[in-house]
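Now for the letters of each chain:
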Amino acid sequence: MARPTRFTRLAAVSAVLATGLLAAACGADGAGTAADGGEKPRIGLVQINQQAIFFNEMNAGAQQAAKEAGVDLTIFNANDDALKQNEAIDNFVQQQFDGIVVVAIDVEGIKPAVKIAKDAGLKVAAVDAIVDSPAVDTQVGVDNAAAAKQMGTFVNDWAKKQNVAAPNIGVVGALNSYIQNLRKDGFNSTVEAAGAKIVQTVDGQNKQEAALAAAENLLTSRSDLTAVYATGEPALLGTVAAVKSQNVGDRVKVFGWDLTKEAIDGIDAGSVAGVVQQDPRTEGYEAVKEVKALIGGAQAKKTIDVPVTIVTKENVDKYRSIFK
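Residues numbered from 1 in each chain as written. Predicted model: local features only at pLDDT ≥ 70, side-chain atom pairs only at ≥ 80, totals over all residues. Heavy atoms only, no water.

**Student:** Explanation requested: the pairing of strand β10 (residues 272-277) in the structure shown.
**Tutor:** Across a regular strand the side chains alternate sides, sitting on one face of the sheet and then on the other. Along β10, 6 of the 6 residues are buried, which leaves the element largely enclosed by surrounding structure. Inspection of the sheet shows strand β9 (residues 253-257) paired to β10 by 4 bridges, in the parallel sense. From the neighbouring strand, Trp257 faces β10, where its bridge partner is Val276. Each parallel crossover has a hand, and the one from β9 via helix α10 (residues 261-269) to β10 is right-handed. Summarising the sheet, β10 and strand β12 (residues 309-311) pair through 3 bridges and their orientation is antiparallel. Along β12, the bridge assignment pairs Val276 with Ile310. (Buried < 20%, exposed > 50% of the residue type's maximum accessible area, 1.4 Å probe, protein only. Helix = DSSP H or I, 4+ residues; strand = E, 2+ residues; numbered from the N terminus. Pairing = 2+ DSSP bridges. Right-handed = clockwise from strand over helix to strand, strands pointing away.)

**Student:** Could you clarify how one ought to interpret the sheet that holds strand β1 (residues 42-47) in this entry?
**Tutor:** Strand pairs in the sheet, formed through backbone hydrogen bonds, run parallel or antiparallel to each other. Taking strand neighbours across the sheet as the criterion, the 6 strands line up as β2-β1-β3-β4-β5-β11 in an open arrangement whose pairing is parallel. Where the open sheet ends on each side, the last strands, each with one partner, are β2 (72-77) and β11 (303-305). Neighbouring strand axes in the sheet, compared pairwise and without regard to direction, differ in orientation by 20° on average. On the sheet, helix α11 (residues 280-295) packs against β1, β2, β3 (99-102), β4 (123-127), β5 (138-141) and β11 and is oriented at approximately 165° with respect to β4. (Axes fitted to C-alpha atoms, helices over the stretch in contact; angles between N-to-C directions. Contact = heavy atoms within 4.5 Å.)

**Student:** So what exactly am I meant to see when it comes to the environment of Pro41 here?
**Tutor:** Tracing the sequence through the fold places Pro41 in the loop between α2 (23-26) and β1. When the C-alpha positions of Pro41 and Phe97 are compared, they lie 7.6 Å apart, and in sequence the two are 56 residues distant. Discounting chain neighbours no more than four positions away, the residues touching Pro41 are Gly70, Val71, Asp72, Asp98, Lys292 and Ile295.

**Student:** Help me understand the sheet that holds β9, please; the structure alone is not making it clear to me.
**Tutor:** Strands sit in the order β7-β6-β8-β9-β10-β12 across an open sheet of 6 strands; the sheet is mixed. What marks the edges here is a single partner per strand, and that holds for β7 (197-203) and β12. Across the sheet, the mean angle separating the axes of adjacent strands is 20° when strand polarity is ignored. Relative to β7, strand β6 (residues 168-173) runs parallel, the two being bridged by 6 bridges. Residue pairing across strands places Val172 opposite Val202, the latter belonging to β7. Packed on one face of the sheet, α10 meets β10 and β12 and runs near 145° to β10.

**Student:** Help me out: how do you make sense of the packing of aromatic side chains in this one?
**Tutor:** For any pair of aromatic rings, the description rests on two quantities: the centre-to-centre distance and the angle between the ring planes. Evaluated as defined, the whole model comprises 5 aromatic pairs. Relative to Phe97, the ring of Phe92 has its centre 4.7 Å away and its plane inclined at 45°; by these criteria the two rings are tilted. An aromatic cluster is defined as three or more aromatic residues linked by ring pairs; in this entry it consists of Phe154, Trp158 and Phe255. For the cation-ring pair, Arg183 lies above Trp257, with the distance from its terminal atom to the ring centre recorded as 3.9 Å. (Phe/Tyr/Trp six-rings, centres within 6.5 Å; stacked < 30°, edge-to-face > 60°. Lys NZ or Arg CZ within 6 Å of the ring centre and 35° of its normal.)

**Student:** Looking at this structure, how should I read the pattern of salt bridges?
**Tutor:** Opposite charge on two side chains lets them pair, provided their charged atoms get close. Using the criterion set out here, one finds 9 salt bridges in the structure. Of the charged contacts, one joins Glu108 and Lys111 as a salt bridge, the two residues approaching to 3.2 Å between their closest N and O atoms. Judged by relative accessible area, which is 51%, Glu108 ranks as exposed. Ionic pairing is found between Arg320 and Asp317, a salt bridge with its closest N-O pair at 2.8 Å. (Salt bridge = Lys/Arg side-chain N within 4 Å of Asp/Glu carboxyl O.)

**Student:** Would you take a moment to explain α10 for this structure?
**Tutor:** An α-helix turns once every 3.6 residues. As a result, residues three or four positions apart point the same way. Residues of α10 that are buried: Ala263, Ile264, Gly266 and Ile267. One side of α10 holds all its buried residues, which, seen down the axis, span an arc of 155°. Buried positions along α10 lie against α9 (233-245), β10 and β12. Gly270 lies just past α10 and shows a positive phi near 95°. (Arc of directions from axis to C-beta.)

**Student:** Is there a simple way to explain the packing of helix α4 (residues 82-94) against helix α5 (residues 111-119) in this structure?
**Tutor:** The description of two helices packed together rests on the angle between their axes and the distance between the axes. Put simply, α4 and α5 touch, their axes get as near as 9 Å, and they point 10° apart. Here α4 is positioned roughly parallel relative to α5, judged by the angle of their axes. Seen from α4, the contacting residues are Asn86, Ile89, Asp90 and Val93; seen from α5, they are Ala113, Val114, Ile116 and Ala117. In the contact of α4 with α5, the residues fall into 6 nonpolar, 1 polar and 1 charged. (Parallel < 35°, antiparallel > 145°, perpendicular 65-115°, else oblique. Nonpolar A, V, L, I, M, F, W, Y, C, P; charged D, E, K, R; others polar.)

Remember that the coordinates give geometry; whether it matters functionally is a separate question.
What follows is the structure in structure tokens.
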């Protein structure tokens with residue numbers, strides 16, 4: 001079935017979309033058929049990568065929502081390339097999709113493509129990374145700054161229990177990541193206000209191998225460390241591996257973001273004291289559900305907050321089945 005109103009709006013932006021289209025890469029097969037014989041709404045999910053468990057869990061939630069809501073969902077894997085995300089959005093507009101869900105790598109750089117999508121009539125939800133643009137109908141995910149402060153408070157309480165008045169903390173970050181910089185800054189300000197010292201920050205580049213090397217260098221150069229804080233899954237994986245390989249888990253405790261089997265093993269071994277666990281499956285589910293509702297004429301919720309849990313040895317058991 002043709003969409004004449006959408007086609008009319010597309011004419012205004014067709015010149016912008018003349019280059020950089022990724023029809024084959026996106027893998028869209030065309031609209032499906034709904035139970036009532038009409039076309040299913042088509043939603044494109046623009047993902048960061050499909051290596052991290054976090055994003056795969058988000059994809060699973062999105063697929064579940066799409067199945068329940070009768071949505072034709074196409075997932076695009078940008079492989080950590082911000083420019084490919086922009087091209088994918090352009091492609092979804094060109095193919096006359098009804099909505100997009102964006103997990104942005106570059107929250108500023110993606111704004112022009114998101115505006116084009118909005119101007120073309122697509123409904124837009126941003127997940128996890130905050131895209132501060134009027135073109136975004138709804139923001140879904142964690143308040144990363146608030147959750148970072150929550151983790152900072154957790155570490156402050158941990159230090160008090162350990163009778164450590166001024167812990168020396170190293171940070172393994174991803175300095176190219178807007179989200180992980182929020183997590184770094186919120187955490188740092190909270191622990192420093194309680195007397196902790198951030199003695200060194202290293203860049204894991206959001207890659208496990210780079211994070212491992214950075215964490216090993218941090219542990220080698222700072223024998224006075226009390227704890228290490230890792231701002232994302234690759235950083236945490238690298239830090240856990242470095243602490244294990246250098247056999248310093250008895251004196252250096254690890255805190256970070258996003259559970260993995262390795263992080264759970266670290267909790268069991270006593271080297272990992274706390275991990276911020278998001279709920280990416282719910283984030284993906286809620287984003288697709290919201291975009292489907294918007295396509296149907298619902299009022300935008302603007303913000304859908306998905307709470308976090310700090311996982312410790314006391315509550316880790318319920319997560320074991322996810323990370324076998």
